[in-house]
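What follows is each chain in one-letter form.
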Amino acid sequence: MADAAGTYVRYPARFLVLALFALSSANNAVLWIQFAPVYDATAARWALSAAGVNALSLVFMVVYAPASLLSLYVTERHGLRAAIIAGALLNAACGWLRYAACFVPVAGGGSYALLLAGQTLGALAQPFFTNTCTRVAGDWFPTAQRDGATVVASMANPVGNALGSLVPALVVAGAGDLPPLLLWQAVTGSAVLVLT
């Protein structure tokens, strides 16, 4: 990062920034994919059709383009720090709304609407991480370390996808196991937000 005189300074905090960015990105990827490996439990818990369960993942793809514009605006107007905090805040809000959906009656569709609203917040957060990997590396790391920093930042999302596919399949045996999983994810998202 450059100081006021324009001289590049290697702040030790760059590794913490990269770690927090990677944790936020991985957390977002878990939020995206976690319902896919527990399709049956999700459908049973919220009385959903195949389209309803699939919409929980598809919302990330549908919202990506407009969310990318939001991410670009926040990053350019308010800086990288604000963008990373905004993404982490959206992740935490996503987690808590999804958990809250466990306590709303399924009849009437309010529970699913809250669940989908939470997923939409997670979808809004995704470009804050997937579109700024090189910006984190470019702003915080010297030229010799940028490639490695970009790889770490970029690989956090696929690692999160892997965890989001593996962990739910291991811990969810039925619809009753979803609330504790969603609580764990909400707490994780909040912890990453606080650290960020």
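Everything discussed here concerns the structure shown above.
It should be emphasised that the depicted structure is a prediction, and the values quoted were computed from it without experimental measurement.

Reading guide: rules and limits
Residues numbered from 1 in each chain as written. Predicted model: local features only at pLDDT ≥ 70, side-chain atom pairs only at ≥ 80, totals over all residues. Heavy atoms only, no water. Helix = DSSP H or I, 4+ residues; strand = E, 2+ residues; numbered from the N terminus. Rg over C-alpha atoms; globule rule 2.2 N^0.38 Å. Buried < 20%, exposed > 50% of the residue type's maximum accessible area, 1.4 Å probe, protein only. Contact = heavy atoms within 4.5 Å. Lys, Arg positive; Asp, Glu negative; His and termini not counted. Charge placed at Lys NZ, Arg CZ, Asp CG, Glu CD. Salt bridge = Lys/Arg side-chain N within 4 Å of Asp/Glu carboxyl O. Core = buried A, V, L, I, M, F, W, Y, C linked by side-chain atoms within 4.5 Å. 1 Å grid on protein atoms, 1.4 Å probe; cavity = no way out; pocket = protein on both sides within 12 Å on 5 of 7 lines; lining within 4 Å. Points joined across faces, edges and corners; volume = space filled by probe spheres on them. Nonpolar A, V, L, I, M, F, W, Y, C, P; charged D, E, K, R; others polar.

S.K.: Would you mind showing me how to read the overall build of the protein chain here?
M.R.: When you go through the protein chain residue by residue, the secondary structure sums to eight helices and zero strands. Moving toward the C terminus, one meets the helices and strands of the protein chain in the order α-α-α-α-α-α-α-α. Against the 2.2 N^0.38 benchmark of 16 Å for 196 residues, the protein chain shows a C-alpha radius of gyration of 18 Å, consistent with a compact globule. For the C-alpha atoms alone, the extent of the protein chain along its principal axes is close to 60 × 30 × 25 Å. Across the 196 residues in the protein chain, those meeting the buried criterion constitute 44%. The contacts of the protein chain with a sequence gap of at least 6 include a subset with a gap of at least 24, amounting to 81%. For the protein chain, the distance from the average site of its 8 positive side-chain charges to the average site of its 6 negative ones is 7 Å.

S.K.: When you look at the pattern of salt bridges in this model, what are you seeing that I'm missing?
M.R.: One side chain can pair with another of opposite charge once the charged atoms of both are near each other. If you walk through the whole model with that rule in mind, you get two salt bridges. One salt bridge in this structure joins Arg135 and Glu76, with 3.3 Å as the shortest N-O distance. With Arg135 in helix H6 (residues 133-140) and Glu76 in helix H3 (residues 50-78), this residue pair connects regions lying 59 residues apart in the sequence. On the accessibility criterion, Arg135 (28% relative accessible area) is partly exposed. Relative accessible area serves as the criterion here: at 55%, Glu76 is assigned to the exposed category. Between Asp139 and Arg135 there is a salt bridge whose closest N-O contact spans 2.9 Å. In this pair, Asp139 and Arg135 both sit in helix H6, four residues apart, roughly one turn of the helix. Each member of the salt-bridge network shares a partner with another, and the members are Glu76, Arg135 and Asp139.

S.K.: Just to check I follow, could you spell out the nonpolar core for this structure?
M.R.: Within soluble globular proteins, side chains that are nonpolar generally end up buried alongside one another. Among the nonpolar cores identified, the biggest contains 18 residues, and Leu18, Phe21 and Val136 are the most heavily contacted of them. Breaking this core down by element, the ones donating at least two residues are helix H1 (14-33), helix H4 (80-100), helix H5 (110-130), H6 and helix H7 (143-171). Among the nonpolar cores identified, the runner-up in size contains 17 residues, and Val53, Ala101, Val172 and Leu178 belong to it.

S.K.: Even after reading the chapter, I still don't get the environment of Val9, so can you show me in this structure?
M.R.: Of note, Val9 is situated in the segment before H1. In this structure the C-alpha to C-alpha distance between Val9 and Pro142, which are 133 residues apart in sequence, comes to 8.2 Å.

S.K.: I'm lost on the layout of surface pockets in this one. Help?
M.R.: Gaps between atoms show up when a probe of the same size as a water molecule is rolled over them. Within this model, the largest pocket holds a volume of roughly 220 Å³. Taken together, 10 residues line the largest pocket, and the ones lying closest to its centre are Val17, Arg81, Ile84, Trp140 and Thr196. Counting only elements with at least two residues in the lining of the largest pocket, the list comes to H1, H4 and H6. It is H4 that provides the largest number of residues to the lining of the largest pocket, a total of four residues. Taken as a whole, the second largest pocket holds about 170 Å³ of empty space. In terms of lining, the second largest pocket is formed by Leu23, Ala26, Asn27, Val30, Leu163, Val167, Trp184, Gln185, Thr188 and Val192. Elements supplying a minimum of two residues to the lining of the second largest pocket: H1, H7 and helix H8 (178-195). Counted by class, the lining of the second largest pocket contains seven nonpolar, three polar and no charged residues.

In short, geometric facts, not functional conclusions.
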